[in-house]
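Report on the structure
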Amino acid sequence: MRALFIVLPLLLAHQVTGAGEVRGKDAFDKWCVHCHGEGPGNAGTLRLAIDRGAEKALLEGRKDLTAAYIKLIVRSGKNQMPGYRLLEINDEDLAYLADYLSSQ
């Protein structure tokens, strides 16, 4: 019975967020968080704060990003950010990532 109290909230949390959102967050944590995460020392976050303002510095939580735009930037790069090839992030993971960031 005790295990049910531990496992049930995890199952419910997964149902609320959905598998796609989990995969999108996982992709963000694997490829993006090192430059675009919260906190000091994240070059992408710092660059966006300088160029776009503090309210647009963090990719997670922005409301103005579309999935198509995220895919374009990830594949082709922009300014100091390099483009990511299919061998680095496949189209399926990129789609989850783009959906995750555009739905925050």
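Residues numbered from 1 in each chain as written. Predicted model: local features only at pLDDT ≥ 70, side-chain atom pairs only at ≥ 80, totals over all residues. Heavy atoms only, no water.

With respect to helix 2 (residues 19-36)
Approximately 50° is the largest bend angle found in helix 2, and it occurs at Lys30. Every buried residue of helix 2 is accounted for by Gly24, Ala27, Phe28, Trp31, Cys32 and His36. Where the residues of helix 2 are buried, they touch helix 3 (43-52) and helix 5 (91-102). (Bend = angle between axes of the 7 residues up to and from the residue. Helix = DSSP H or I, 4+ residues; strand = E, 2+ residues; numbered from the N terminus. Buried < 20%, exposed > 50% of the residue type's maximum accessible area, 1.4 Å probe, protein only. Contact = heavy atoms within 4.5 Å.)

Details of the packing of aromatic side chains
Under the criterion given, the structure shown has 1 aromatic pair. Where Phe28 meets Tyr100, the ring centres are 6.4 Å apart and the plane angle is 50°; that geometry is what we call tilted. Here Phe28 is found in helix 2, whereas its partner Tyr100 is found in helix 5, with 72 residues between them in sequence. For Tyr100, a relative accessible area of 6% puts it in the buried group. (Phe/Tyr/Trp six-rings, centres within 6.5 Å; stacked < 30°, edge-to-face > 60°.)

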